[in-house]
Amino acid sequence: MKVWALRVAVATVVAASWAEICHADEFDAPASYYNGAVYNASAADPAADLKAKLHDIVTANFRPISYGQVDNAIPVLDRNLSSPTQIYLIYDDSRGSVAATSNVWNKEHIWAASLLRPAGSNSTPTHYSDLFNLRPANSGVNSNRGNRNFGGFSNTHTTSTTGQYSPGQFDRGDVARTMFYMTTRYSPISSSNATSLKLVNTDMQSEDSGSYQHGDLKDLLVYHYADLPDQFERRRNQLIYTGNVINGTNYSQNNRNPYIDHPEYVWAVFGDGANDSQIKLTNGTTTSAGGTSRSIEFTPVIVGGTIGTLSSNVGLNKTGADPTTYSVAAGGAATSGTNGIYNAFVAGASTADKSVTVGLNATAQTVGRTTGTVTVNNTDITNQGVGTGNADGDDVVTLGISVLDHAEPSFAGGGDLNALTIDFGDITLGQAATDTFDVWNVFAQLRAGLDLDSFAATGDTAFFGTDLAAFTNLLPNGKESFDAFFNARALGDFTATYTLNLSDADLSGATNLGPLTLTLTGTTVVPEPVMLSIAATAGLMMLRRRRMA
């Protein structure tokens, strides 16, 4: 990622299908601008066919300006928006800017001026003054670059021992896309004032059969994928197309660089036309040819609780030797730290894995579910068979969180029964009785688990007992079963009350719930033979009294 003050990642909304992509900012091309730029794999030369279509698009309605007018256009095109009176210089390793009125800079032809013959004049609009090819540069740096081919991978602008010029890490992608544009715009060409431009896999410059050639294509491809367009470059692209009006004079060319708007075109035109890349989610489950999925379920909360930051890092990896671009789009309530179409894996079968921070926007105000998806789409427009390139299935992360209602304790599964009485009835002295009861968490689709934290007993507790024990996270429609006991150790009527203290399971928003009350009653009676003996004794005593009377 570039680090200019202005150069920040651009968030765009991307549909799953490239045919339906809808960008969402001021730097987008008009929806119809690239109509007709369709890759035809059945063409005799698909790369040349697409390049010719793009040539026609960027040439139609092209409005050239003169070389002298470029001096007025650059202060707007290359402006440092944090310091509007200053401009950024290309090949500047420190990403500093200088005053637009400074005499330390001059105009650098990225496609070398010596390979743009015939040279243009200050007053004549030609290919020599194409705004895409001209950038402000420190005059000394401009001189050092000369007309060398680009190549090498130094992080600073430098000339290699083989004579190639490395533009440095911050400008390499801009340079590559300028070179791609120039050879597309001016090759083939029928105008009498320009010569066809060609990119080749060589470190040598030459004029070959009327075509000026520049290199090194293989390194320019690496530059492109290592440094995709950012906001500065996209803004510049838009202003060259339209809107660069200064003091009533229009300094726009009315055309665009297709490789800035559509970085996925590069491999189809300048690569081998058979992209073998496949992008996968780390630890994902295969869903289709090349497609993977992962589900992330965040810890639920109880309504009214606190939802913290809901985020997780999801790894991406690429197989295949070819580079590729990819889009990341968040849907529903999902969020993604990486968004839009300007993402890429560089070439190589073993490239560094990438990571996407995904998350959810959710609140705990009402009971319900919050869900979303983050979709990663391999956006190359060529393939090397099923599951590669544009035939690579989407990779989808599904995210969710539940906001739960409070638990609902009850002695009955089908309703809200907060008090229960178990009457053991008459129990013979010296005997014991047992009965059972259940504690439920009444069913609801989104309900918290139930905890029994403690219980307290009052009354004739010496005659009653229970195997009540604390439990945690009793799920909705779940129950815990217990026994209750009555020990008839003395004659009389007895009652004991058990108060069950319950709460929600241990989640954010958990609270103590209304208690359940269990009442146990029973009566101890003497054995039946004893009762008959007492009755007989009482009868004899009554008979004797009558006789004595």
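The rules behind each value
Residues numbered from 1 in each chain as written. Predicted model: local features only at pLDDT ≥ 70, side-chain atom pairs only at ≥ 80, totals over all residues. Heavy atoms only, no water. Phe/Tyr/Trp six-rings, centres within 6.5 Å; stacked < 30°, edge-to-face > 60°. Helix = DSSP H or I, 4+ residues; strand = E, 2+ residues; numbered from the N terminus. Buried < 20%, exposed > 50% of the residue type's maximum accessible area, 1.4 Å probe, protein only. Lys NZ or Arg CZ within 6 Å of the ring centre and 35° of its normal. Contact = heavy atoms within 4.5 Å. Pairing = 2+ DSSP bridges. Core = buried A, V, L, I, M, F, W, Y, C linked by side-chain atoms within 4.5 Å. Lys, Arg positive; Asp, Glu negative; His and termini not counted. Salt bridge = Lys/Arg side-chain N within 4 Å of Asp/Glu carboxyl O. Polar contact = N/O pair within 3.5 Å; in protein donor to acceptor, adjacent residues only side chain to side chain. Axes fitted to C-alpha atoms, helices over the stretch in contact; angles between N-to-C directions.

Enquirer: What's the story with the packing of aromatic side chains in this structure? I'm lost.
Expert: Here a ring pair, both rings aromatic, is described through the centre-centre distance and the interplanar angle of the planes. Throughout the structure, instances matching the rule amount to 22 aromatic pairs. Plain terms: the ring middles of Phe-180 and Tyr-259 are 5.9 Å apart, the flat faces sit at 70 degrees to each other, and that makes the pair edge-to-face. Of this pair, Phe-180 sits in helix α4 (residues 172–185) while Tyr-259 sits in helix α7 (residues 258–261); the two residues are 79 residues apart in sequence, bridging distant segments of the chain. Each member of the pair, Phe-180 as well as Tyr-259, is classed as buried. Taken together through their ring pairs, the aromatic side chains of Phe-424, Phe-463, Phe-464, Phe-486 and Phe-494 make up a single cluster. Taking the ring centre of Tyr-241 as reference, the NZ or CZ of Arg-256 above it sits at 5.0 Å. The ring of Phe-345 carries the charged tip of Lys-354 above its face, separated from the ring centre by 5.5 Å.

Enquirer: Sorry, what's going on with the environment of Ala-176 here?
Expert: For Ala-176, the location among the structural elements is in helix α4. We classify Ala-176 as buried; its relative accessible area is 0%. Ala-176 sits 48 residues away from His-224 along the chain, and the two C-alpha atoms are 5.7 Å apart. Not counting the four nearest positions on each side in its chain, Ala-176 is found in contact with Leu-220, Tyr-223 and His-224.

Enquirer: Honestly, the sheet that holds strand β28 (residues 464–466) in this entry has me stumped. Any pointers?
Expert: Two modes of strand pairing occur in sheets, parallel and antiparallel, and in both the strands are linked by backbone hydrogen bonds. On the basis of which strands lie adjacent, the open sheet formed by four strands has the order β24-β26-β30-β28 and antiparallel pairing. Two strands in the sheet have a free side with no partner beyond their single neighbour: β24 (409–410) and β28. Summarising the sheet, strand β26 (residues 432–441) and strand β30 (residues 478–487) pair through 10 bridges and their orientation is antiparallel. Paired with Ala-432 across the two strands is Asn-487, which belongs to β30.

Enquirer: Is there a simple way to think about the nonpolar core in this case?
Expert: A general trend in soluble globular proteins is that nonpolar side chains are found buried together. In this structure, Leu-54, Phe-150, Phe-180, Leu-220 and Phe-270 are the most contacted members of the largest nonpolar core, which totals 66 residues. Residues in contact with Phe-150, not counting those within four places in the same chain, are Tyr-91, Ile-110, Arg-145, Gln-164, Tyr-165, Pro-167, Val-175, Met-179, Gly-215, Asp-216, Leu-220 and Tyr-223.

Enquirer: Even after reading the chapter, I still don't get the side chain of Asp-276, so can you show me in this structure?
Expert: Along the polypeptide, Asp-276 turns up in the loop between α8 (265–270) and β13 (278–281). Here Asp-276 sits buried without a salt bridge, and the closest side chain of opposite charge, Lys-318, lies 5.7 Å off (N-O distance). A distance of 3.1 Å separates a polar side-chain atom of Asp-276 from the backbone nitrogen of Ala-321. Apart from residues lying up to four places away in sequence, Asp-276 is in contact with Thr-319, Gly-320, Ala-321, Asp-322, Gln-384 and Thr-388.

Enquirer: Can you walk me through the sheet that holds strand β19 (residues 334–336) in this structure?
Expert: Taken together, four strands build an open sheet; the order of strands is β13-β17-β21-β19 and the sheet is antiparallel. Edge positions in the sheet fall to β13 and β19, since each of these pairs with one other strand and no more. Within the sheet, the average angular offset between the axes of one strand and its neighbour, ignoring direction, is 30 degrees. The pairing of strand β17 (residues 311–319) with strand β21 (residues 354–360) spans six bridges and is antiparallel. If you follow Asn-313 over to β21, its bridge partner there is Thr-357.

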